[in-house]
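# Inside the fold
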Amino acid sequence: MRIALLGTRGIPANYGGFETFAEEISVRLVERGHQVTVYCREKHAFSEYRGVQLRYLPPIQHKYLETVLHTGVSTFDLLLRRDFDVVLYCNAANAMFTILPRILGVPSALNVDGLERHRKKWNQFAKTWYLMSEWLATWCCSAVITDAQRIREYYLERYGKDSTFIPYGAEARKVQETSALRELGLESGKYVLYVSRMEPENNALMVREAFEKVRTDFKLVLVGDAPYAPDYIRKVKDTLDPRIIIPGAIYGDSYHQLQSHCAVYVQATEVGGTHPALIEAMGHGALVLYLETPESLEVAGEDAVPFTGDLVDRLQWAVGASEEERALWAGRAMQRIERLYSWKVVTDQYEALLQGLIQR
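A brief look at the structure comes next. Each chain carries its own residue numbering, running from 1 in the written order of its sequence. Since the coordinates come from a predicted model, pLDDT governs what is reported: local features require at least 70, and pairs of side-chain atoms require 80 or more to be given and counted, while whole-chain, interface and lining totals use all residues. In computing side-chain properties, one takes all heavy atoms of the structure into account and sets aside hydrogens as well as water.

### Describing the layout of surface pockets
A pocket here means an open set of points on a 1 Å grid, computed over the protein atoms alone, that has protein on both sides within 12 Å along at least five of seven lines. A cavity is instead a set of points where a 1.4 Å probe fits but cannot get out; residues with an atom within 4 Å of a point line either one. Grid points are joined across faces, edges and corners, and a volume is the space filled by probe spheres set on the points. In this structure, the second largest pocket encloses a volume near 330 Å³. Gly-189, His-261, Cys-262, Ala-263 and Arg-326 are, among the 19 residues lining the second largest pocket, the residues nearest its centre. Elements with a contribution of two residues or more to the lining of the second largest pocket: helix 9 (252–261) and helix 13 (323–340). With four residues, the top contributor of residues to the lining of the second largest pocket is helix 13. Among the residues forming the lining of the second largest pocket, the class breakdown is nine nonpolar, six polar and four charged. Here a helix means four or more residues in a row that DSSP labels H or I, a strand means two or more in a row labelled E, and each is numbered from the N terminus. By the convention adopted, Pro, Cys, Tyr, Trp, Phe, Met, Ile, Leu, Val and Ala count as nonpolar, Lys, Arg, Asp and Glu as charged, and the other residues, Gly among them, as polar.

Okay, here's the thing in structure tokens:
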């Protein structure tokens, strides 16, 4: 297949879950003999990455319009090139563009992610756009993809639209290297880790304030950044607790090292579908505490520990648990990810879906 993937910032991944998804899925599809082109907003010195073709188109930087404008320009570019068999879009906000390839006989699939209109960072116009895009997704594209059963149920109940459920993926393995820990002054098994974009609904501030009340000599590492949330980030960083480290965004092998060697991982995101960092933390064998939402409960099952308003108590228990108890939770988490969320299984499903759309 000749596949175009657009709607993300591009690869190599250095921003968030959709970018990691784009890298993982495109590289694996290339390894299976397909030709994949990923549209990128960031220009690299190379035009190919691990066999994937990179197509750079400059973005117009804007908090509300950057994603949509870049996807629109990318769509017209791929239509002019006319050398793709199928197009895979990411982000429900891009729904309106998915009909354009179909008009020319090229099927399109759209991964809608979660219910983005619930995020606090969006103004009323952006929330309305996302709501409209949900409806557009039900008929503009050839197939809607949801990465959580709860989101699949939402589209079915609200719009009568059945979607294809394909979860996010992760590898069930621990990284042995610890150079990233040394750079941050961390000791393996002696820190609590939080990773997310630093936006209000991801609750980094809540995690920091809860940890400040915990009696422990463990450290807390808050990893993440956000291009349009400087005020919130300042609040998160406003601490005098010497145990708290806030290094900014970290990607690649360093990110995997931090997840592999933390004693406890905290997932506090309240909006969205499947959260990539949650799956990855479980795959790396962490004792995971997660804010109990339907989507996160779906991922974690009984193999991680939920919290609601009792994060301080949960943290105190987790850092005080024995290494054997934490290892037990870690083993259960890794087995769950290997069984349900491996990238091989996810790639199998995307490959079958895209081939089916072409044949249909």
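### Some points on the packing of aromatic side chains
Between 30 and 60 degrees the pair is tilted, below 30 it is stacked and above 60 it is edge-to-face, where a pair is any two Phe, Tyr or Trp rings, Trp via its six-membered ring, whose centres lie within 6.5 Å. Scanning all chains against the criterion turns up eight aromatic pairs. Charges are assigned to positions over rings by a cutoff of 6 Å between ring centre and Lys NZ or Arg CZ, combined with an angular limit of 35 degrees from the ring normal. Just above the ring of Trp-329 sits the side chain of Arg-332; from NZ or CZ to the centre is 4.5 Å.

### Quick notes on the sheet that holds strand 3 (residues 48–49)
Pairing in this open sheet of eight strands is mixed, and the strands run 3-4-2-1-5-6-7-8 from one edge to the other. Of all the strands in the sheet, the pair left with one neighbour each is strand 3 and strand 8 (164–165). As judged from the four bridges shared by strand 2 (residues 35–40) and strand 4 (residues 52–56), these two strands associate in the parallel manner. Residue Val-38 lies in a different strand from strand 4, and its bridge partner there is Leu-54. Only strands that DSSP links by at least two bridges are regarded as paired with each other.

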